[in-house]
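As a plain string of letters, each chain reads:
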Amino acid sequence: MANKEINDFTVQSTINNTDEFLLQETSGSTYKKTLFSTIKNQIDTDTRLLQNYILNGDCKVAQEWTTKSAISNNDYIIDTFRYEKAGTAVHTASQEVDSSTGTYNIKLDCTTADTSITSADHTIINHIIEGYDYANIKGKTMTLSFDVRATKTGTNCITFKNNGLDRSYIVEYTVDVTNTWETKNIEVTLDQTGGTEE
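Residues numbered from 1 in each chain as written. Predicted model: local features only at pLDDT ≥ 70, side-chain atom pairs only at ≥ 80, totals over all residues. Heavy atoms only, no water.

For Cys 59, which is not glycine, the phi dihedral falls at a positive 65 degrees. Here Cys 59 lies in the loop between helix 1 (36-50) and strand 4 (67-68). With phi around 75 degrees, Thr 80 is a residue other than glycine that occupies positive phi space. Mapped onto the elements, Thr 80 comes out in the loop between strand 5 (76-78) and strand 6 (81-86). Given a relative accessible area of 30%, Thr 80 falls into the partly exposed group. (Helix = DSSP H or I, 4+ residues; strand = E, 2+ residues; numbered from the N terminus. Buried < 20%, exposed > 50% of the residue type's maximum accessible area, 1.4 Å probe, protein only.)

So, about the environment of Thr 34. In this structure, Thr 34 sits in strand 3 (residues 31-35). Remark: the alpha-carbon pair of Thr 34 and Glu 20, spanning 14 residues in sequence, is separated by 5.3 Å.

Pairing in this open sheet of three strands is antiparallel, and the strands run 4-7-8 from one edge to the other. Unpaired on one side and paired on the other, strand 4 and strand 8 (104-112) mark the two borders of the sheet. (Pairing = 2+ DSSP bridges.)

Moving on: the pattern of salt bridges. With the rule as written, the count across this model stands at four salt bridges. The closest approach of N and O atoms between Asp 98 and Arg 149, which form a salt bridge, is 3.2 Å. Residue Asp 98 is found in the loop between strand 7 (90-97) and strand 8, and its partner Arg 149 is found in the loop between strand 10 (141-148) and strand 11 (154-161); the two are separated by 51 residues along the sequence. Of the residues examined, Asp 98 reaches a relative accessible area of 5% and is grouped as buried. Among the ionic pairs, Lys 184 bridges to Glu 182, the shortest N-O distance being 2.9 Å. The same class applies to Lys 184 as to Glu 182, namely buried. When salt bridges with common partners are traced through the structure, they connect Asp 176, Glu 182 and Lys 184 into a single cluster. (Salt bridge = Lys/Arg side-chain N within 4 Å of Asp/Glu carboxyl O.)

For the rest of this paragraph, the subject is the side chain of Lys 184. The topology assignment puts Lys 184 in strand 13 (residues 182-189). Side chain to side chain, Lys 184 and Glu 182 meet in a polar contact 2.9 Å long. Those residues in contact with Lys 184 that lie beyond four places of it in its chain are Leu 144, Ser 145, Phe 146, Val 148, Tyr 173, Thr 174 and Asp 176. (Polar contact = N/O pair within 3.5 Å; in protein donor to acceptor, adjacent residues only side chain to side chain. Contact = heavy atoms within 4.5 Å.)

Before going further, it helps to examine the nonpolar core. Grouped together as the largest cluster of nonpolar side chains are eight residues: Cys 59, Ile 71, Ile 77, Ile 78, Phe 81, Tyr 83, Ala 93 and Ile 106. Counting only elements with at least two residues in this core, the list comes to strand 5 and strand 6. If we skip the residues at most four places from it in the chain, Phe 81 touches Ile 54, Leu 55, Asn 56, Gly 57, Tyr 76, Ile 106, Ile 125, Asn 126 and His 127. By size, the runner-up hydrophobic cluster in this structure holds seven residues, among which are Phe 146, Val 148, Ile 158 and Ile 186. (Core = buried A, V, L, I, M, F, W, Y, C linked by side-chain atoms within 4.5 Å.)

Before going further, it helps to examine the sheet that holds strand 6. A sheet is described by the order of its strands in space; here three strands give the open sequence 5-6-9, paired in antiparallel fashion. Looking at the sheet topology across the chains shown, the edges are occupied by strand 5 and strand 9 (122-126). Strand-to-strand twist of the sheet, defined as the mean angle between neighbouring strand axes without regard to direction, takes the value 25 degrees. Alignment of strand 5 against strand 6, held across two bridges, turns out to be antiparallel. Residue pairing across strands places Tyr 76 opposite Arg 82, the latter belonging to strand 6. (Axes fitted to C-alpha atoms, helices over the stretch in contact; angles between N-to-C directions.)

Bridge count between strand 11 and strand 12 (residues 168-175): eight bridges; the pairing is antiparallel. Note that in strand 12 the partner of Asn 156 across the bridge is Tyr 173. Linking strand 11 back to strand 12 in an antiparallel pair, the connection comprises six residues, with Leu 165 at a positive phi of about 60 degrees.

What follows is the structure, given as structure tokens:
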């Protein structure tokens, strides 16, 4: 039903899956009979695509702690968001509430800098979308939207990868202004071609 319009239908007290509607094709010159069950399935699919697939994306749930000094590799900062690192940097991770907006966020405070960074060193905030949810968005073009505030300007990266670690996509974003919330939007097509279905 993509790229089609629903025109001139009547509202019934009950609509059955076997009821038919005339759908105007994209060209506008032809119509096609379509079962309500087909329309409903498409609407359900479109609705699922509009939902947020980042669980706890508002950062409100932190069941284990709200502050963790010298957080370890693979510890969770808040629910569903995991801290990963390689190298000598040390961070305090916390759930914060912004005083100006009242919104929750994840804060990483670098208490010890890595002064000899190697090519393998990194700090990552990781979130996993589970397979059942991924099935709804596989092959679709999606937008990752997030707000970031940092004490230093510069280039950072977002990585999308599968569980099999044989399919990934890295995209850069730039922090333009220090100590200022900036909204970043990153569009990606979740193409699994050549990768493990995980």
